[in-house]
Each structure stands twice: as structure tokens, then as C-alpha cells.
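Survey of secondary and tertiary structure
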Amino acid sequence: MARNCLPTSPDPHPTAEEIAVDRKALLEAECGFRDLTTVPELRPVPHRLEHRIRAHVPLRRLTPL
């Protein structure tokens, strides 16, 4: 059976449970990477001062973390 991730043990014949755990970990890692690489949708915020506007955008990027 082909596996999409590196084996965590030297066992050449992993059990179905080990494969499922590895697959779930891979999907979680891919999802996290996808979230980090997508551009967040920014909506208008009623800031009036330029330095507040510039400070708001990086804070919005940190929100999902």
C-alpha cells in the first residue's frame, strides 16, 4: 500500500490504524500550510489615522494563529 508521508517507524508493514493516524497528520499539516499561504480577506475598518491602519493589517494576519 502506498503512503503519502514518511514512515514513523522502521516497520515495513504498518497497521491500518498507523496509516490512518499518519494520513490524518498529513492532512492537518497540509491544511495548516494552506492557511498560512492564503491571503486573508480584509474588509474595510473605520480607522482614521494612517499608523493605526498600518498596524491593523499585520494583526489581522496573526488572528488565525
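Scroll up a little and you will see the structure.
The rules behind these values
Residues numbered from 1 in each chain as written. Predicted model: local features only at pLDDT ≥ 70, side-chain atom pairs only at ≥ 80, totals over all residues. Heavy atoms only, no water. Helix = DSSP H or I, 4+ residues; strand = E, 2+ residues; numbered from the N terminus. Areas by Shrake-Rupley, 256 points an atom, 1.4 Å probe, with all protein chains shown as cover. Salt bridge = Lys/Arg side-chain N within 4 Å of Asp/Glu carboxyl O. 1 Å grid on protein atoms, 1.4 Å probe; cavity = no way out; pocket = protein on both sides within 12 Å on 5 of 7 lines; lining within 4 Å. Points joined across faces, edges and corners; volume = space filled by probe spheres on them. Nonpolar A, V, L, I, M, F, W, Y, C, P; charged D, E, K, R; others polar.

Regarding its fold elements, the protein presents 2 helices and 0 strands. On the protein, roughly 6,200 Å² of surface is accessible, and the fraction owed to carbon and sulfur atoms is 62%.

Take the pattern of salt bridges next. Scanning the model with the defined rule gives 1 salt bridge in all. Close ionic contact of R54 with E50 constitutes a salt bridge, the shortest N to O distance being 2.8 Å. Residue R54 and its partner E50 are located together in helix α2 (residues 50-62), separated by 4 residues, close to a single helical turn.

Glancing now at the layout of surface pockets. Volume-wise, the largest pocket comes out at about 230 Å³. If you trace the largest pocket, you find 11 residues lining it, with D35, L36, T38, R61 and P64 closest to the centre. Those elements that provide at least two residues to the lining of the largest pocket are α1 (16-37) and α2. Looking at the lining of the largest pocket, the element that brings in the most residues is α1, giving 3 residues. For the lining of the largest pocket, the per-class residue count stands at 4 nonpolar, 3 polar and 4 charged.

Before going further, it helps to spend a moment on the environment of D35. With respect to the helices and strands, D35 occurs in helix α1. Distance from D35 to P64, taken between C-alpha atoms, is 8.4 Å for residues 29 residues apart in sequence.

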